[in-house]
Amino acid sequence: MTLGRAPNAEDSCLKNHQQPPAGESLSTLPTFIDSSDQEKGGSFVSKREANSDGRDSGPESDTIQDLSDSPDDVGAKCENGLARQPSAATTVIDFPEGGLQGWLVVFGSFCAMISVFGLINSAAVFESYFSTHQLVNHSASEIGWIFSLYLFIVFFVGIQVGPIFDRHGARLLVAVGSLLVVLSLMLLSLSKTYYQIMLTYSVLGGLGGALLNCPAYGSITHFFHVRRGLATGVATISGGIGGIVFPIMLRYTLPSIGFPWSCRILGFIMLGLAVPANLFIKTRLKPKISHDGPKISSLLPDFSGFRDLRYAFSAIGIFFMEWGLFMPLTYIVSYAAAHGQDATESYLLLSYLNAGSVLGRVLPGLFADRIGRFNVVIITISLCVVLVLAMWLPAAMSKSVLIGYAVLFGFASGSNLGLVPVCLGQLCDARQFGRYYSTAMMVASFGTLSSVPIGGALLEMGSSETGWRAVIIFSGLSYFIALACYTSARVLAVGFNPRVKF
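Owing to the predicted nature of the structure, the values given are computational and were not obtained by experimental measurement. (Residues numbered from 1 in each chain as written. Predicted model: local features only at pLDDT ≥ 70, side-chain atom pairs only at ≥ 80, totals over all residues. Heavy atoms only, no water.)

Caption draft 1: Structural view of the overall build of the protein chain. Along its length, the protein chain carries 13 helices and four strands. By residue count, 60% of the 502 residues in the protein chain fall in the buried class. Intrachain contacts of the protein chain at a sequence separation of at least 6 include 83% that bridge at least 24 residues. Summed over its atoms, the accessible surface of the protein chain is roughly 18600 Å², and 66% of this surface lies on carbon and sulfur atoms. (Helix = DSSP H or I, 4+ residues; strand = E, 2+ residues; numbered from the N terminus. Buried < 20%, exposed > 50% of the residue type's maximum accessible area, 1.4 Å probe, protein only. Contact = heavy atoms within 4.5 Å. Areas by Shrake-Rupley, 256 points an atom, 1.4 Å probe, with all protein chains shown as cover.)

What follows is the structure, given as structure tokens:
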């Protein structure tokens, strides 16, 4: 028989993998088994799938052809709450997979993500500076709320930004988000008290980041499918680059020109990055509308995806991944300073971590497009568990071990962050990516909200060394739970066979 290839591979919740062109022999595929060949309760296109009228599609063959479903299937929902295979009536979606326009979109997303994740990846510098200057009389847990609230707003507000992006595009969202990010840094330069820093850095900056985050990821899904892992990885290295450049810059500017002008310089950098972000981030696909026409509910958050346990486990996994990630990301500078290293020199640890993150966002993306996105993210989360418990926990006063941990952890955690949106994207239609991504990140926002304050509270347990040990173990256990969630999602989708591409 002939194995069907959907007109739009993204219209199937589970069409996550690279399909060969029509007519290409299946013998040329990688050694990993294509997940579409697995008969998992009819969720995948199987080798014996019937046509829409119930007849078998014919004798087996090694070629791939288009499916032809009845128009009645359009907009249907499968048991797990996500979209079924598209029908022949669905407009065929061709993804450019590159070209000048596609890569300019990636570049625009790159610039927007620096404004969001470049600052997030520099949080340890601000945490260390605040704790010894403006907020010296505040506890570590209180200071931690500043960064947690910022991340919470970025991800929680996105639950409304996603549907707006799907419905109306990126232009207005990116423009307003860029303005808020620049304004937050300019006002932060004037902030001296706890509530002022909370309002400028956390609230205003978080709102700006929320408006930029979803369009930056979502626009890539409109131009890439087969090469989406690579394209997303290229865009997300911006967070690593920002995390390298900003700590090094602040290492010199904070002692020399002070905190106010350091923030203003960051603000001007964000203003310059806003230009290509606003010029190049755009959408290409029209909103997915039912036969009854557009409905106001299409602008509202959609929780129906949680009926699919694969999506639910993935979203919960992000929650625990955030718990594990922001312990080292926020406290590694303070950890080094507490273990005998110069506070200013400790800023470089964050640059080492983000340098590893740059490679971690690109190389795993290349492999993920070939052997499966969930497969690769499970490997890299496993690596995070090992690195936290086997390197950071016993590091103590060893500068070389800390540097090695920072680089390797940056590589592993960077790949997690780069592949999470790609994994979610293979569970939904590309035209509904904003809705599903923002809903999952809303769940993750509660992890970011509580992660750093939990770390601060753990640091206040007993002696200093006991507190640091508790923080590290908490991070490792959080990653272990995230690993269990993503492994469960994969098993539910394709079973236990590790050679299946998913």
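Caption draft 2: Representation of the environment of Phe147. Counting through the fold element by element, Phe147 comes out in helix α3 (residues 140–156). Phe147 sits 21 residues away from Phe126 along the chain, and the two C-alpha atoms are 9.2 Å apart. Excluding residues that lie within four positions of it along the chain, Phe147 makes contacts with Ala123, Phe126, Glu127, Phe130 and Tyr201.

Caption draft 3: Quick peek at the confidence of the model for the protein chain. Mean pLDDT for the protein chain: 77, with 77% of residues reaching 70 or above. The element-level mean pLDDT for the protein chain is lowest in strand β3 (residues 64–66), coming to 33, with helix α5 (residues 171–188) highest at 94. Low pLDDT (under 50) marks residues 1–31, which in the prediction has 114 contacts with non-local residues, meaning those over four places away or in another chain. Below pLDDT 50 for its whole length, residues 291–297 participates in six contacts with residues either more than four positions away or in separate chains. (pLDDT = per-residue confidence, 0-100.)

Caption draft 4: Here's a closer look at the environment of Gly372. On the secondary structure map, Gly372 appears in the loop between α9 (343–371) and α10 (373–395). Under the relative-accessibility criterion, Gly372 is labelled buried at 1%. Put simply, Gly372 and Lys501 are 129 residues apart on the chain and 4.6 Å apart in space, counted from C-alpha to C-alpha. Aside from chain neighbours lying at most four places away, what touches Gly372 is Phe367, Lys501 and Phe502.

Caption draft 5: Focus on the packing of helix α8 (residues 309–338) against α10. Across the interface, α8 lies against α10 with an axial gap of 12 Å and an inter-helix angle of 35 degrees. With respect to the hand of their crossing, α8 and α10 are arranged in left-handed fashion. The residues of α10 that touch α8, namely those facing Ser314, Met321, Met327, Pro328 and Tyr335, are Phe374, Ile381, Trp392 and Ala395. For the contact of α8 with α10, the per-class residue count stands at eight nonpolar, one polar and no charged. (Axes fitted to C-alpha atoms, helices over the stretch in contact; angles between N-to-C directions. Left-handed = near helix turned anticlockwise from the far one by under 90°. Nonpolar A, V, L, I, M, F, W, Y, C, P; charged D, E, K, R; others polar.)

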